[in-house]
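The residues making up each chain are set out below.
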Amino acid sequence: MTRVKTFITLTLLGGLAVVLPIAIFILLFQWLFGQVSELVAPATQWMETHTKIKDTLAQLAVIGLILGGCFLIGLVVKTGVGRWMHNHVDRWLSRLAPGYSTIKDLVLQFIGGGGEGVLSGPVARVRIHGADNPLSVTAIVTSRHANGDYTVYVPTAPVPTSGFVFHVPADCVEILPNVTVEAAMKSIVACGSGSGSLLASTVPEA
C-alpha cells in the first residue's frame, strides 16, 4: 500500500512539474496580452467601428500596425534628418522627465543596443555594508569621484527600472570587466538566475 501511495504521489508531482510551468506561462501571456489590449483599446474600438475586423483580430491588427510604425520610425531614424530629430527629442525628454534616460538605457541594454548613457557600465560587485561584510550586490557604476569613491546604481529584481543609488568607497567596489550591462540586467530580471556562471567568469581588476 505504501509503495502504491508513493508511486501515485511521485507521479502526480512529476505531472505537476510539467504542467504548472506551462500553465503559468500561458497565464502570464494572457495577462501581458490583456495589458497590451487595454493600451490599444481606443485604436481597436475605432478599427471595429470603421472596418469589418472585430474582437481579437482587431487587437492583433492594431498591434501589427504599431509594430509596423516602429519599423518605419526605425527606418527614419537611420537617416541624417531622423537622427537629428531623435537627438533633439531625446534631449527634450531628458530635461522634462529625469527618469526617461534611465528607462531608455535599460531598453537599449535589453534589445542589445548598447549605448553611452547613464547605464553604460561598468558592472561591479559592490559590498554596500562595508568591505569586511560578505554581503554584495550587482551594480552599475554611474559616477567616479575625485577622492576615489564610486556612485553605483543597484537595480531591483525583476523590474530593473527601479533601484537604489549608493555612494561607496573604492574598497567596496569590485569592477567586473568581463560582465556586460546586458548580461547583468538579464540576470537581475531573472531574479539572480545565472549569477553563478556570470560571477565565475569574472577577472578581478588589476
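Residues numbered from 1 in each chain as written. Predicted model: local features only at pLDDT ≥ 70, side-chain atom pairs only at ≥ 80, totals over all residues. Heavy atoms only, no water.

A. Spatial organisation of the overall build of the chain. Looking only at helices and strands, the chain has 7 helices and 5 strands in total. Start at the N end of the chain and walk to the C end: the helices and strands fall as α-α-α-α-α-β-β-β-β-β-α-α. For the chain, buried positions account for 20% of its 206 residues. If you take every contact in the chain between residues at least 6 apart in sequence, the share linking residues at least 24 apart comes to 38%. (Helix = DSSP H or I, 4+ residues; strand = E, 2+ residues; numbered from the N terminus. Buried < 20%, exposed > 50% of the residue type's maximum accessible area, 1.4 Å probe, protein only. Contact = heavy atoms within 4.5 Å.)

B. Structural context of the packing of aromatic side chains. Applying the stated rule across the entire model yields 1 aromatic pair. A centroid spacing of 6.4 Å and a plane angle of 45° characterise the contact between phenylalanine 164 and phenylalanine 166, whose relative ring orientation is tilted. Phenylalanine 166 sits in the partly exposed class, given a relative accessible area of 26%. (Phe/Tyr/Trp six-rings, centres within 6.5 Å; stacked < 30°, edge-to-face > 60°.)

C. Geometry of the side chain of serine 187. As for its placement among the helices and strands, serine 187 is situated in helix α6 (residues 181–189). When its relative accessible area of 7% is taken as the criterion, serine 187 is described as buried. With near-sequence residues (within four places) excluded, serine 187 lies in contact with Gly192, Ser193, Gly194, Ser195 and Leu198.

D. Region of interest: the environment of alanine 61. In this fold, alanine 61 is placed in helix α3 (residues 55–77). Among the residues examined, alanine 61 registers a relative accessible area of 24% and is labelled partly exposed. When the C-alpha atoms of alanine 61 and alanine 43 are compared, they prove to be 9.9 Å apart, with 18 residues separating the residues in sequence.

E. Structural context of helix α1 (residues 2–39). With 38 residues, α1 extends 54 Å from end C-alpha to end C-alpha; this agrees with the ideal 56 Å at 1.5 Å per step. Of all bends in α1, the biggest is about 25°, found at valine 19, and the proline proline 21 comes one to four residues later. (Expected span 1.5 Å × (residues − 1). Bend = angle between axes of the 7 residues up to and from the residue.)

F. Examining the sheet that holds strand β3 (residues 150–155) more closely. In spatial order, the strands read β4-β3-β2-β1-β5; together these 5 strands make up an open sheet with antiparallel pairing. Whereas interior strands pair on both sides, the edge strands pair on one side only; in this sheet they are β4 (163–168) and β5 (173–175). Recorded for the sheet is a direction-independent mean angle of 40° between the axes of neighbouring strands. With 3 bridges joining them, strand β1 (residues 123–126) and β5 adopt antiparallel strand pairing. Bridging from a neighbouring strand, arginine 125 pairs with glutamate 174 of β5. In the packing of α6 onto the sheet, the strands contacted are β1, β2 (137–144) and β3, and the crossing angle to β2 comes to about 140°. (Pairing = 2+ DSSP bridges. Axes fitted to C-alpha atoms, helices over the stretch in contact; angles between N-to-C directions.)

G. A look at the nonpolar core. Residues Ala124, Val126, Val137, Ala139, Val141, Tyr150, Val152, Val154, Val168, Cys172, Val173 and Ile175 constitute the largest nonpolar core, which totals 12 residues. At the level of secondary structure, the elements contributing two or more residues to this core comprise β1, β2, β3 and β5. Not counting residues up to four positions away in its chain, the partners in contact with valine 137 are Ala124, Arg125, Val126, Ile128 and Val154. In terms of nonpolar packing, the next biggest core, distinct from the first, is built from 9 residues, Val123, Ile140, Met185 and Ile188 among them. (Core = buried A, V, L, I, M, F, W, Y, C linked by side-chain atoms within 4.5 Å.)

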